[in-house]
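# Descriptive analysis of the structure
Letter by letter, the chains look like this.
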Amino acid sequence: MSTAGPLRVAPHRIELAIGGMTCASCASRIEKKLNRLDGVTATVNYATEKASVSYDDTVTPQDLIATVEKTGYTAALPAPPTPAAGPDGTTEAVDELRGLRTRLWVSAVLTVPVILLAMVPAWQFTYWQWLSLTLAAPVVVYGGLPLHRAALVNLRHGAATMDTLISLGTLAAFGWSLWALFLGDAGTPGMTHPFTFDIARSDGAGNIYLETAAGVTMFILAGRYFEARAKRTAGAALRALLEFGAKDVAVLRDGAEVRIPVDQLAVGDRFVVRPGEKVATDGVVAEGTSAVDASMLTGESVPVEVGPGDAVVGATVNAGGRLVVTATRVGGDTQLAQMAKLVEQAQTGKAAVQRLADRISGVFVPIVIALAVGTLGFWLGRDGGLTAAFTAAVAVLVIACPCALGLATPTALLVGTGRGAQLGILIKGPEVLESTRRVDTVVLDKTGTVTTGKMTLVDTLPADGQDADELLRLAGALEAASEHPIARAVAAGAARAGTLPPVTGFANVEGLGVTGTVDGRDLVVGRVRLLRERGLDVPGGIERAVRDAEAKGRTAVLAGWDGSARGVLVVADVVKPTSRAAITRLREIGLTPVLLTGDNLAAARTVAAEVGVDEVIAEVLPVEKVDVVRRLQAEGKVVAMVGDGVNDAAALAQADLGLAMGTGTDAAIEASDLTLVRGDLVAAVDAIRLARRTLRIIKSNLFWAFAYNVAALPLAAAGMLNPMIAGAAMAFSSVFVVANSLRLRGFRPVA
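Residues numbered from 1 in each chain as written. Predicted model: local features only at pLDDT ≥ 70, side-chain atom pairs only at ≥ 80, totals over all residues. Heavy atoms only, no water.

Where we set the bar: UniProt positions are given in the numbering used here, feature names are shortened, and annotations may be inferred rather than shown by experiment.
Under an unreviewed UniProt entry, the name given to the protein chain is Cation-transporting P-type ATPase B, and the source organism is Micromonospora echinospora. Quoted verbatim from the Catalytic activity (unreviewed entry) field of UniProt, the annotation for the protein chain is "ATP + H2O = ADP + phosphate + H(+)". If you open the UniProt record of the protein chain and go to Subcellular location (unreviewed entry), you find "Cell membrane".

Here it is as structure tokens:
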């Protein structure tokens, strides 16, 4: 493959698509091999199946690919997007998931009767063992092929993971069953497996373990399927960010508007942004004035007034008049694209938590193999007979293969995520749970998370001798004719108080306010400057009310007629009703809250005081939000981040635990680990509690999945393992794991 075309990356930095990884230890192995090359720094992300590599002139991309392939995995340069595939290769992910799902369904259909026949003696008809063999063989060979392939890769590199143990155990169980059926006594017509619980030495010639081989394969495939389904959305945060921008734009060419795709914009092009449209790219306003809603990008709750010479950011929304903008940055140089890069870097840099089962297997698997070899040698040395010696050795491998292991994580995760969905909480995958246990600091975005994210009329302050209801009715009627977000807030507040009179002679004064006639009065509603320009007197009491409102980070709108200002209407982004209680609950579960926002300091402090947060970090840009999270992590804190906007996406990905409001943007939701569908901060408390409890259940499941194996290993090594005792113990272990997981259905949210 030629590197000149497909690379599409900055010199000395490349992203490789990695294939063949089955667990976090695979990613770690590839990362170590790449980092051993001179001039190479690599990070491999198991979740996204990508390697981010920096390299110098002594190394080529082909060298990197060759190193990965020598390690036993595949590597490829990212292919350009095609109509059939998304920017991150969505089609491949779908195909991979479909293949895994097919293996799982085939294995499940064939395995269930095998287990039932083995466990219910009354159903063991004359030739039941041969039917079991016919059903189990495709499961072990076809269903278990990915496990056996991974075990071979591990063997080539002298490593042992759960794939090694599962492959060894299932093949040993299946191989011994074949020997017992064709060369032993198990193939005899009328052979049965009765339930006998006596411990006695057996030569194993009449024992088959087909239900173990097929059952373990099926359960492990189920776990891999649910894991793959969670991994499938790993690149969705970047897609959501990039799709947040405008798709096409009206460019001015020779005085006429020409509609073109956004990716054809060039620096210096002049383009038109009508009310309600997204700004196509970063630029400077050349003509027109308007209010731009940048809350999704910057976190500012109040729309920003812009005019000629002011900078605007791509993907923000024009909430007012017509603008003509000169493009200053396009493509990958825009603020939106830079934020997408931040998200990608944060996701790549966040090391995937290695699954507990893989960590345990690093010690457990070598011990079991050594014990099996030792058992074989011991019985051969004791002249116990070749058959008895092999029976004992294989029994060690069979009993060591934990049937319940395949159920331990997926059942708890399924029950936990199901219960979470009922409560409006979406947990993305098992690796998320580990973070919840260690979190000690929670960073809260203000706009849309602690607050509603919408402007609301919070106060009506009439001048001396003026009626508040009359002030609100007249001003609200005039503002109802405007599309400005602040005007809509005033109009909505007035509409709740009663019917609004009609307006005549309405005019919009860009950036300052509106004028018109209501009930025969000539009204002026807007800023102090507009009222004074129209010759209206602004009394000292009105000015003080405006200053007081602005000191709290709120927006003051003046209304006047008949030569004087008649009162002030105060608009603000109000705190959600449950936010204070939620922050109290967060403290109760051991978290320290921090309020982080791009909004001004006065507004942030007002909100913090209202909800009970002591630490406030305000007026920060999206890149600075990431820096704040990194600084807290550098101080030794384990950080959870709760946010809802595009501006929060990179910080959500960087945090040890990201929680996104489901009422927010797709970019924030996809970059997070937990999604709070309700858009209620109390759900964050429930999410952390549920995730922690699910993790405890998984750990106890893993303990029981291994405990009975460890306890039974001495019996197996002693050659005293009765197959039905092993089967019953295995069944009990699986039933216990399922029952333990079902306890999560009783999880209750905080009152």
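Picking up after the structure, the text goes on.
## Examining the pattern of salt bridges
Going by this rule: A side-chain nitrogen of Lys or Arg and a carboxyl oxygen of Asp or Glu constitute a salt bridge if their distance falls within 4 Å. In this text, helices come from DSSP runs of H or I with a minimum length of four residues, and strands from runs of E with a minimum of two, each type numbered from the N-terminal end.
Under the counting rule described, the total for this entry stands at 22 salt bridges. Its salt-bridge partner being E257, residue R274 comes within 2.5 Å of it at the nearest N-O pair. In this pair, R274 is assigned in the loop between β7 (270-273) and β8 (282-287) and E257 in strand β6 (residues 256-261), connecting sequence segments 17 residues apart. E635 is the salt-bridge partner of K637, the closest N and O atoms lying 3.7 Å from each other. Taken together, the shared-partner salt bridges in this structure form one network comprising E470, R473, D519 and R521.

## A short note on the nonpolar core
Heads up, the condition is: Put simply, buried Ala, Val, Leu, Ile, Met, Phe, Trp, Tyr and Cys residues joined by side-chain atoms within 4.5 Å make one nonpolar core. A 1.4 Å probe rolled over the protein chains alone gives each residue an accessible area, and that area as a share of the maximum for its type sets the label: buried under 20%, exposed over 50%, partly exposed in between. Contact definition: two residues touch when any of their heavy atoms are within 4.5 Å.
Among the nonpolar cores identified, the biggest contains 49 residues, and L444, L595, V642, L657, L659, L676 and L681 are the most heavily contacted of them. Among the elements that take part in this core, helix α25 (residues 682-717) stands out by supplying 12 residues, more than any other. Once residues within four sequence positions are removed from consideration, L444 is found in contact with V450, I583, L586, P593, V594, L595, L596, V642 and L681. Counting 39 residues, the second largest nonpolar core, distinct from the first, contains V139, A173, V368 and V396.

## Side note on the packing of aromatic side chains
Aromatic rings considered in pairs are described by the distance between their centres and by the relative angle of their planes. Note the threshold: When two rings of Phe, Tyr or Trp (its six-membered ring) have centres within 6.5 Å they constitute a pair, described as stacked for plane angles under 30 degrees, edge-to-face for angles over 60, and tilted for the intermediate range. Note on criteria: charge over ring means Lys NZ or Arg CZ within 6 Å of the ring centre, with the direction from the centre no more than 35 degrees off the ring normal.
Per the counting criterion, the structure on display carries three aromatic pairs. Judged by centre distance (5.3 Å) and plane angle (75°), the ring pair of W130 and F182 falls under edge-to-face. Here W130 is found in helix α4 (residues 128-143), whereas its partner F182 is found in helix α6 (residues 162-182), with 52 residues between them in sequence. Overall, the relative accessible area of 25% leaves W130 in the partly exposed class. Assessed through its relative accessible area of 55%, F182 is described here as exposed. A cation over a ring is seen here: R103 above Y142, with NZ or CZ 4.7 Å from the ring centre.

## With respect to the sheet that holds strand β3 (residues 50-55)
To keep things clear, this is the line we draw: A pair of strands is considered paired only if DSSP assigns at least 2 bridges between the two. Interaxial angles span 0 to 180 degrees and are taken between N-to-C directions of axes, which are lines fitted to C-alpha atoms, for helices over the stretch in contact.
The strand order across the open sheet built from four strands is β2-β3-β1-β4, with neighbouring strands paired in antiparallel fashion. Either end of the sheet is taken by a strand with one partner, and the two such strands are β2 (40-45) and β4 (74-76). Mean inter-strand twist for the sheet, computed between neighbouring axes without regard to direction, equals 25°. Of the pairings in the sheet, the one linking strand β1 (residues 13-19) to β4 comprises three bridges and is antiparallel in character. Within β4, the position partnered with I18 by the bridge is A75.

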